[in-house]
Amino acid sequence: MNFNEFTDEVVALLKEKMGSTCTVTVTEVLKNNNVRLTGIVIKEETCSIAPTVYLEGPYKRYQEGISLEVIAEEIRDEYEKYAHNLQLDMDFFKDFSQVKEGVFHKVINYEKNKELLKDVPYIKWHDLVVVFYYAMEEAVFGKATILLYNSHLAMWGQTVDEIYRIAQQNMKQKMPELLVSMKELMEELAGIEVDETIQPLYMLSNREKMFGASAMLYSEKIKGLADRLGSDLLILPSSTHEVLLLPEQRDQRYDFYRQMVKEVNITQVDPEEILSFNLYRYDRQKEEIEEVAV
């Protein structure tokens, strides 16, 4: 059974299981880096919001031998588990004064997101762009976010520059930067002591470790690290959630690090979370981040 047939069968089973008060529809969602996912939207007549369940994961489980019946039941059970919490009134979202405290930003790749950016406010930054999102606070949604579109800014009467100013302020206050050495991180995660003689390597993110690469835009610790090491810093884009920093050497092998970033992106990073295949550097004298020319 191919993916389209699988989708049709799951929808048919869910319509039987959910009853007449629910609608079950299929939608294609454009995600970061032009990743397109197929989702099932289940909506109660009385609910203002509807969860989307992406089917790529369930289809893989089906290919591994899990029955359609079991998959449909799991989707239904997951929906019903949270159904009583889906009565959230989204009218507040029309009032910017009630939204502004939850506006944040993230950086994504410009070239890979040109179609998305037709409808999304953004600020260009090297080969990346800064885009904006609203973070849901309700516990049931976990770390759910709403990407902000041009239509949102028009509804609120806000400019991109003003949204950026507010997002920067919220990032600094609610998602402060996190700069930690990989030695400390590895020792904390693995519980083993790491050799002090290895090349210094640091991870920059935010305290939530969510879209933490954007900490480059408001970091005050990068300058302190460069001053402490007495050198400019090479910045490797690890993912949308973090970047890696190391002291730049005079004989820096840029091609080596470009190849390393490329291999990690292809083999270790989810397509939706790839940030860039380029390198950046913090110029200690200029006190700014620049893109390393190819």
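Right, let's get into the overall build of the chain. Secondary structure assignment for the chain yields nine helices and 13 strands. Across the 294 residues in the chain, those meeting the buried criterion constitute 46%. For the chain, long-range pairs separated by at least 24 residues make up 62% of all intrachain contacts whose partners lie at least 6 apart in sequence.

Ranked by size, the top nonpolar core spans 43 residues in total, and within it V99, V103, M216, I235, V243, L245 and I289 carry the most contacts. The dominant element in this core, judged by the number of residues it contributes, is strand β6 (residues 128–135), at six residues. Setting aside residues no more than four positions away along its own chain, V99 makes contact with F92, F93, Y134 and W156. With 17 residues, the next largest nonpolar core counts I40, I42, L55 and A72 among its residues.

A few words now on the pairing of strand β9 (residues 202–206). Along any regular strand, the residues point their side chains to alternate faces of the sheet. For β9, a buried count of five out of five residues is recorded, marking the element as mostly surrounded by other parts of the structure. Sheet topology note: the strand β8 (residues 177–181)/β9 ladder contains five bridges and is antiparallel. The residue bridging E177 from the neighbouring strand is N206, located in β9.

Turning our attention to the sheet that holds strand β12 (residues 280–283). Judged by pairing direction, the sheet is antiparallel, and its six strands sit side by side in the order β8-β9-β11-β10-β12-β13 without closing on themselves. On the outer flanks of this sheet lie β8 and β13 (288–291), each paired with one strand and no other. When the angles between neighbouring strand axes are averaged without regard to direction, this sheet yields 30 degrees. Where β12 meets β13, four bridges bridge the pair, whose relative direction is antiparallel. Residue pairing in the sheet places Y280 in a bridge with E291 of β13.

Looking at the secondary structure, you find Y280 in strand β12. Put simply, Y280 and E291 are 11 residues apart on the chain and 4.4 Å apart in space, counted from C-alpha to C-alpha. With residues up to four places along the chain from it excluded, the contact list for Y280 reads H126, D127, L128, L233, L234, I235, P237, I289, E290, E291 and V292. A distance of 2.5 Å separates the side chain of Y280 from the side chain of D127, its partner in a polar contact. A polar side-chain atom of Y280 sits 3.3 Å from a polar atom in the side chain of S276.

Conventions used here
- Residues numbered from 1 in each chain as written.
- Predicted model: local features only at pLDDT ≥ 70, side-chain atom pairs only at ≥ 80, totals over all residues.
- Heavy atoms only, no water.
- Helix = DSSP H or I, 4+ residues; strand = E, 2+ residues; numbered from the N terminus.
- Buried < 20%, exposed > 50% of the residue type's maximum accessible area, 1.4 Å probe, protein only.
- Contact = heavy atoms within 4.5 Å.
- Core = buried A, V, L, I, M, F, W, Y, C linked by side-chain atoms within 4.5 Å.
- Pairing = 2+ DSSP bridges.
- Axes fitted to C-alpha atoms, helices over the stretch in contact; angles between N-to-C directions.
- Polar contact = N/O pair within 3.5 Å; in protein donor to acceptor, adjacent residues only side chain to side chain.

Read these as layout, nothing more, since geometry by itself doesn't imply function.
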